Structure formats: structure tokens, C-alpha cells
Amino acid sequence: MKHRVNLMVLSIAILLFLEACSVTKFIPEDELLYTGADIEMESDDPIENKKDLKNQLQSLITPDPNSKILGSRIGLYFHYKAQRENPGFINKFLNKQLGEEPVYLSDVDPFQTEKLLKNRLENRGYFYSRVNHSVEENEEKKLAHLQYTAILPENPYILETYKMDNDSLEIYREIQETLDESLLESGEKFNLAMLKAERERIDAALKRQGYYNFSSNFLIFEADTNQYDRKKFDLFLRLKEEVPEAGIKPYVIRDVNIYPNYVIGTDSLARDTVRFNERNYIQQEIFFKPKKLDPFILLEEGELYSPELSGKTSRRLTSLGTYKFVNIRYDEIDSLSTDSLGYLTANIFLSPMNKRAIRAELQAVTKSNNFAGPHLALTYTNRNLFHGGEILNITGKVGYEWQLSSESDVGNSSTVLGLETAIISPRMIFPFVNIRSNWFEYSIPKTKVSLGFEYLNRSQLFSLFTVTGNFGYIWKANRFITHELNPLSVDYSRLSNTTQTFRDILDENPFLRSSFEQQFIAGLTYGFTYNGMIDELETHQFYLNSNLELAGNLIDLLSSGPTPRTFLGMEFAQFARIDADFRYHYNLTPEQTIATRLYGGIGVPYGNSEVMPFSRQFYSGGPYSVRAFQIRSLGPGTYSPDGMGVPYYDRMGNLRLEANVEYRFPLYQFLKGAVFMDAGNVWNTESNYAEFEEAPTEQQELLLEKGVFEQDFLSELGIGAGVGLRIDIQNFVIRFDLAAPLHTPWYEEGERWDFRISDPVFNFAIGYPF
């Protein structure tokens, strides 16, 4: 009863506030507040696609009236309050944040709007339409509303035939050959927008045939409506009169000049020219070797002008990462008016970035294992190491982290020291094979070689020294798809300085001990990414990232002896691991999104391994996973270590499934809100268990019983829901999420569904979760 009374009081207070926000008393005597306009369409026959046509007409009606919130014009109210002689600080502030200028009837020009509406109807084939308007006034409330009425003829005009005029000029034949791909079809309604699109299509087709100076404005359509059936028309296409001679002949590239080290404002003549592969490389000193730059340039002397090849060349040169600006300029060469061809000089101006750079970054790091803290990274970059666009990056880092939320004091802080060197070559390097650049249409694969060292000291637990090395390729197949293949990937970790506490944990859990024993991983990795999120204005956006790793197979062929075998004295891991991360975003508006994700992954140890290595196992829970549960606190399966808290290091498995959905919406300027639900867990397959040397303990038997993946896995999902706040400043996102469990898998069946809102989990992270 108390809650009902409070709700009633709050509702009455809101209604009284909104009533107090009435603006009628502020409206000048000689004005009426404009409240908007409606449009109605009338015709003796049914109107095809009436809803779409009406929406188009409605979008032409201006201006927009003042906005309303729950029936009150609060923005206009605060504007009026701020215009008083002594408005006060609060009214000024609210006007600045929410205020709106009034829109009066006198600000509206309905006759101009009538012309716009009639023009749009004619563009859609409804010739001889009529549009009129009327005004509905409310003198008491000082309001005015407009009503537009469009009276359409019986039917729009329909295209009967579409032809090209005959002429002896070669360009007419070129245009005629493109008409098989015409956007105009017999039986379609007259549509001015479609006619414009057809002209642009022909213009693009002619440009691909070398017509450098052609313009869509040279084309004109003529309609013949003198038909037996008065609602049909024939359409004829021709060139306008007095089209310039240069616009109707194709152009050939006579010279290709490349300036690899161009500085704006300098004299390009006072430089040395090197002739290579029928192109001129002009530079005062060797900044970029012609032999290495040449594969990125697709323009060739003697070939017809092609905007497509020009665009591809520009994209390839930009992808080098060496140049700040890429500018391709075509200069016409004087020729006789009787020549059937025109001639161009293609000048490619390349303005380089600073060759060397040093960047220092102070980072606030949040990791998927819920560790966070400051990191300092120092990076040296050389963007043209061997005068062939090779990029060298050397990064040193130091950091201190602590676990933001943990129910155990063990291992709750860490120190990180690291050094990584990477060389990225803008070409595909493959031993003993000549990889030609013209094999790749969109972009040339890059070769990346990296070597890194990291020292991690986890307080009260252990120290871990890690060496990583990769040799592989990165290739963009198109603007959406990226491939990354590492034929050679090496990861070696050495555990040291283990405490008695950690050794006791390993003795208790042979699975965990086995996962730490094989820390030499060598094999092949492949990653595939489809990123449709780059089209930010699309309503439906898709993203897929999938990774495959095969480890230990080649080394196994080179090794012999009993299992587990060693290589160079090191026990190596052998396994296959694959995962896929699929995301779909449905954009309701530019700032409102329903974001979803499905994730699945599995690792299978075999041969030399009984258990997946520790670094390759899956976990669930945390700010990038099921946010209603602490990091690594889910699973495997329905397992829960009674009395052990939630230690991060043992609740993992070789199989992970997860699903997420989140509604994102704006709150105020850079503040965004979210409501979400997550579900997921990890499990072990029977292939991911080490054999016990001694009789298993109670906890080990519990892990065997409840951690194995079975057919009723849906009943073992951890499910949670919550709300979030994001600070989004130019795509740099600081995220706060508060979630509570809905379904807790380790509870007894029948008790798992319980929305434990009194036991929320707070997550802090950088960036969106998906």
C-alpha cells in the first residue's frame, strides 16, 4: 500500500509539473504556434506503394514543429522562461541544454511546400497532380495546424520503350552496348530519380572505357507521350547539342610519373628520374626503391584511362602505411582535334609520413581476467626500414595490475614487463616461391614477423616467463574480409618461483598441473574476419571472427620415444582448437542498437597431450562474457568448489558456448545506456581429463562428475541480466555494467532460477563487450 501511495503521489507531481509547463501564456498576441502538418492523398484509383510515397511527401514538409514530451513543450517552455528580464541561473542552464526556438505559423510558407509536393509527385510519374492546403486554428490555445491534400491523376505514366538515338559517333555505339545493363525497364512508372541513376550508370561505364572527360550532364532523355494509350510513353536517349570534342573520345595514358618522396610546394623537375618497368620514378635520392614500389601501381603506359585501376592503385599505396597523402593527378596532353584519342600523363604524388617516431602511452588496462591497472608503453617506429615500405615496431612495456573483484586474496596483483619487436613487410614473402602482386586484386598480402618476451609475476603464486614468435601473412580480400595466416607460431612459457600455496593447488588438481606442464606450443594458426560494422549507417550489421590453431603436429613427426615426447628437451603440446564469434547489430536509429552475439569454441588435445595447455583453455564470466558472474567463476558445467571461493585459475574447460543480447540507447550527449542479458558456460569433454596417479580427492571427483559436457547443457547455462552506463567520447568507451544472476548452474535443479538482484556484480571495462 505504501508503494502504491508513493507512486500515485509521484504521478500527480509529474502531471502538475507538465501542466505548469504550458506555453500558451507566452505566445505573442499576433502569433499562432505551429503544431505541424498532415498530408492526405486522393485518387480515383488505388495508389501503388501509397505508404512509401506518403512518407516521401511528408519528409518535404518544413519546418518541424516544437517537440513535445508527454504532451508538453518543455523545450519551448524553458526558452520562454529564459527570455524574461531576470531569468535566473537555473532557467538559463535549462534553456541552454533543452531550450528550443518557437516555430510560429508565420514562419511557414505553405505555398512553397505545395510546389515541392507537386514537383515530387511529377518526378514519380503523377503528372497534372494538384496540391492545396488548409489551416486549422485554435484561437483559445493559440495553436495552428496545416493540412495538405494531394489530388493524384488516375494512373502514373508507364514506360513503353527505351531506345538510343542513332548516330555515326563511336561513343553512341559504346553507350548502346551498355543498355543491356540498363536500370530502366518496360512497364516501370516514370521516375526522375531512376533516370538520373541511369545517366550516372552510363557515365561510369564510359569512364571504364577511357572517356576521361565525359559527364553524365552530356546526356538528355526525351519522352514521347503521343501514344494511343495516353498513360504510356517512349523514352529516347541522346547527347546534348554542342558537347565538347574532348568529352566524346577515349583517353590513353602516355606517361606514368611517380614521386615517391613528394613534398607539397617543391619543384618536381629538379630531381633524378629512374625508368623502371615502363614507368618514371622521380626522386632526388632513393627514398623508396622503384623495384619495391612498382607492384603497387596498376596504371600502365599505353592503356586506356581507368578510374577503377586508379582507385585500386590509390588504395594499395595508402595501405603501405608509409604515406600520409596519396594523390593521383591526370594532365591532358595537347593533341589535334582530328585525333580519335586523347592523351594523359598520370602523376602519382606520394607524401610520406615522418620516417621515425617514438610514442609513449600511459594506459589504463582492463583484462578479460578482471585484472586492471596502469601500463606504460614506449614504442619506436621506423616506417621505411629498407626503403621498401617495411615497418619496424619495437615496444617495451611495464605495468602493475590488481584484480578488481575476487573472492580470494590469492594472486590478486601482478607485475608485467615485456618487449616485442615486429617487422611488417608490404609484400608476401614465401621461401623459394615468387609471389606476384597481380595475383591479388584488392590488396597485396603483408608479411609479419614478430618476436616477444614477457615476464609476469603473480603475487603469492608464481612467476611466468613467456617467449612468443610468429611468421605469417595478413591479407584484406576486400573491404570487409581479412585473412591472417601464421604458418609458424611458437609460444614457450616457463613457470618459476612457485609458492607452496600454488604447488598445493597443482597437487589438488591434476588437470591444472597437466595444463601447466606442456607450455611449448608450436604450430599453425589461421584467422578469418568479416567486419560489416564498418558500414555504420546500415540497419543490419554483421561481424564474424573465427580462429583455428593446430599445434604440435610437425614436431610430433620429428620426435620419437614414449609419450609424452620432447623436442629440444621441452615437452610440447599437441592439440586442435577452433572458435567463432558471430555478432549481429540491428540499428533502430543512428543511436539506438540491439546488439547480439553468439560464441562457440572447442579445443581437443591428442597425441602428446592429455589436457589442453592452460593458455588455450576457455573460461566464462566477467566483463566481456556473462557479466552477472565474476571472472572465471562459471563452470565447468555445474561444478562449484565448496569453501574455496572463486579462484581464477581452475574454473576452465576446453569447450565454451555463449549468447548475449544488449539494447543500447543514448542518455545525454556522450552518456549511453544499456540493458542486457547474457548466457553461457564452459565444460570439459572427456578427452580433456588427465589420469589420476593416486585415488582422486572429493573435489576431483566432483569436477569429473559435474564438469563434463552432456546433452542437457542448456540447463547448465549461467544466465544473468543487468544495466549499463557507457561514457563514449569519439569511440573511446569507458563501460560500467551492473548485473545479477537469473540462473545459477551449480544450484540444485529446481532452485537454479532465482533473480538474485540483492547479489549484483559490478564490471568495469574499456570498450563495448561485442
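Residues numbered from 1 in each chain as written. Predicted model: local features only at pLDDT ≥ 70, side-chain atom pairs only at ≥ 80, totals over all residues. Heavy atoms only, no water.

1. A closer look at the overall build of the chain
Of regular secondary structure, the chain possesses 13 helices and 29 strands. Here the chain holds 770 residues, and 45% of them are scored as buried. Pairs at least 24 apart in sequence give 65% of the contacts found in the chain among residues at least 6 apart. When the accessible surface of the chain is summed, it comes to about 41,100 Å², and 55% of that surface belongs to carbon and sulfur atoms. (Helix = DSSP H or I, 4+ residues; strand = E, 2+ residues; numbered from the N terminus. Buried < 20%, exposed > 50% of the residue type's maximum accessible area, 1.4 Å probe, protein only. Contact = heavy atoms within 4.5 Å. Areas by Shrake-Rupley, 256 points an atom, 1.4 Å probe, with all protein chains shown as cover.)

2. Remarks on the pattern of salt bridges
Scanning all chains against the criterion turns up 36 salt bridges. Of the charged contacts in the structure, one is a salt bridge between glutamate 177 and arginine 173, with a shortest N-O distance of 2.5 Å. Here glutamate 177 and its partner arginine 173 are both found in helix α6 (residues 170-178), 4 residues apart, which amounts to about one turn of the helix. Here aspartate 737 makes a salt bridge to arginine 726, at a shortest N to O gap of 2.5 Å. Of the two residues, aspartate 737 sits in strand β28 (residues 732-743) while arginine 726 sits in strand β27 (residues 718-729), which places them 11 residues apart along the sequence. The class of aspartate 737 is buried, set by a relative accessible area of 0%. The exposure class of arginine 726 is buried, given its relative accessible area of 0%. (Salt bridge = Lys/Arg side-chain N within 4 Å of Asp/Glu carboxyl O.)

3. Quick word on the pairing of strand β16 (residues 446-458)
In the sheet, strand β15 (residues 413-425) pairs with β16 via 12 bridges, with the strands oriented antiparallel. Of the residues in β16, the one forming a bridge with serine 414 is arginine 458. Connecting β16 to the antiparallel partner strand β17 (residues 462-476) that follows it, the hairpin turn spans 3 residues, and glutamine 460 within it adopts a positive phi of roughly 65°. (Pairing = 2+ DSSP bridges.)

4. Quick look at the packing of α6 against helix α7 (residues 192-208)
Their axes nearest at 10 Å, the elements α6 and α7 cross at an angle of 115°. In the packing of α6 onto α7, the handedness of the crossing is right-handed. Here α6 contributes Ile171, Glu174, Ile175 and Thr178 to the contact with α7, which in turn contributes Arg201, Ile202, Ala205 and Leu206. Broken down by class, the residue content of the contact of α6 with α7 amounts to 5 nonpolar, 1 polar and 2 charged. (Axes fitted to C-alpha atoms, helices over the stretch in contact; angles between N-to-C directions. Left-handed = near helix turned anticlockwise from the far one by under 90°. Nonpolar A, V, L, I, M, F, W, Y, C, P; charged D, E, K, R; others polar.)

5. Considerations on the sheet that holds strand β1 (residues 33-42)
The strands making up a sheet associate through backbone hydrogen bonding, with each pair oriented either parallel or antiparallel. The strand order across the open sheet built from 3 strands is β1-β3-β2, with neighbouring strands paired in mixed fashion. With partners counted over all chains shown, the strands left at the sheet margins are β1 and β2 (130-138), one partner each. Neighbour to neighbour, the strand axes of the sheet diverge by 20° on average, direction disregarded. As defined by bridge partners, β2 adjoins strand β3 (residues 143-151) across 9 bridges and the pair is classed as antiparallel.

6. With respect to the environment of asparagine 660
The residue asparagine 660 is located in strand β25 (residues 655-668) in this model. On a C-alpha basis, the gap between asparagine 660 and proline 769 in space is 9.5 Å, while along the polypeptide they are 109 residues apart. The contact partners of asparagine 660, leaving out residues within four places of it in the chain, are Ala595, Thr596, Arg597, Ser625, Met677, Asp678 and Phe770. A distance of 2.9 Å separates the side chain of asparagine 660 from the side chain of aspartate 678, its partner in a polar contact. (Polar contact = N/O pair within 3.5 Å; in protein donor to acceptor, adjacent residues only side chain to side chain.)

7. Some thoughts on unusual backbone geometry
Note the cis peptide between threonine 62 and proline 63, where omega equals -5°. Within the secondary structure, proline 63 is located in the loop between α2 (50-59) and α3 (74-82). Residue proline 636 follows glycine 635 across a cis peptide bond; omega there is -5°. Along the chain, proline 636 turns up in the loop between β24 (592-605) and β25. Unlike most non-glycine residues, asparagine 731 shows phi in positive territory, near 70°. One can find asparagine 731 in the loop between β27 and β28. Overall, the relative accessible area of 68% leaves asparagine 731 in the exposed class.

8. Some points on helix α9 (residues 307-319)
The end-to-end C-alpha separation of α9 is 18 Å, in line with the 18 Å expected for 13 residues at 1.5 Å each. Of the residues making up α9, those classed as buried are Ser310, Lys312, Thr313, Arg316 and Leu317. In an axial view of α9, the angular spread of the buried residues amounts to 165°, which keeps them on one side of the axis. Along its buried surface, α9 packs onto α8 (290-293), β10 (323-333) and β11 (342-352). Glycine 321 sits one or two residues past α9 and shows a positive phi near 80°. (Expected span 1.5 Å × (residues − 1). Arc of directions from axis to C-beta.)

9. Things to note about the packing of α3 against helix α4 (residues 88-98)
The packing of two helices is summarised by the inter-axis angle and the distance between the axes. Relative to each other, α3 and α4 sit at 140°, their axes nearing to 8 Å. Judged by the angle between their axes, α3 and α4 are oblique. The interaxial crossing formed by α3 with α4 has left-handed handedness. Residues Gly75, Phe78, His79, Lys81 and Ala82 of α3 form the contact with α4, whose own contacting residues are Asn91, Leu94, Asn95 and Leu98. In the contact of α3 with α4, the residues fall into 4 nonpolar, 4 polar and 1 charged. (Parallel < 35°, antiparallel > 145°, perpendicular 65-115°, else oblique.)

10. Looking at the nonpolar core
In this structure, Tyr162, Ile171, Ile175, Phe214, Leu235, Leu237 and Leu239 are the most contacted members of the largest nonpolar core, which totals 24 residues. When residues of this core are traced back to their parent elements, those giving at least two are β4 (158-164), α6, α7, β5 (219-224) and β6 (232-239). Looking at which element gives the most residues to this core, the answer is β6, with 4 residues. Those residues within four positions of leucine 237 in sequence are excluded, and the remaining contacts are Tyr162, Lys163, Met164, Asp165, Ile175, Ile202, Leu219, Ile220 and Phe221. Residues Phe296, Tyr323, Leu344 and Ile348 belong to the second largest nonpolar core, which totals 22 residues. (Core = buried A, V, L, I, M, F, W, Y, C linked by side-chain atoms within 4.5 Å.)

11. As for a nonpolar patch on the surface
Residues Leu362, Leu376, Ile394, Val398, Leu417, Leu419, Leu451, Phe453, Tyr455 and Phe465 make up a contiguous nonpolar surface patch of roughly 860 Å² in combined accessible area. For the nonpolar patch, the elements supplying multiple residues, two or more each, are β14 (391-403), β15 and β16. It is β16 that contributes the most residues to the nonpolar patch, 3 residues altogether. Inspection of the secondary structure assignment puts leucine 417 in strand β15. You can call leucine 417 partly exposed: its relative accessible area is 41%. (Patch = residues over 30% accessible without salt bridge, like charges linked within 9 Å, V, L, I, M, F, W, Y side chains within 5 Å.)

12. Let's talk about the confidence of the model for the chain
Within the chain, residue pLDDT values average 87, and 89% of them lie at 70 or more. Mean pLDDT values over the elements of the chain span from 47, in helix α1 (residues 2-20), up to 97, in strand β20 (residues 540-551). For the stretch residues 1-5, pLDDT sits under 50, and the model shows 0 contacts to residues farther than four places along the chain or on other chains. Below a pLDDT of 50 lies the segment residues 406-411, which in the model reaches 14 contacts outside its immediate sequence neighbourhood of four places, other chains included. (pLDDT = per-residue confidence, 0-100.)

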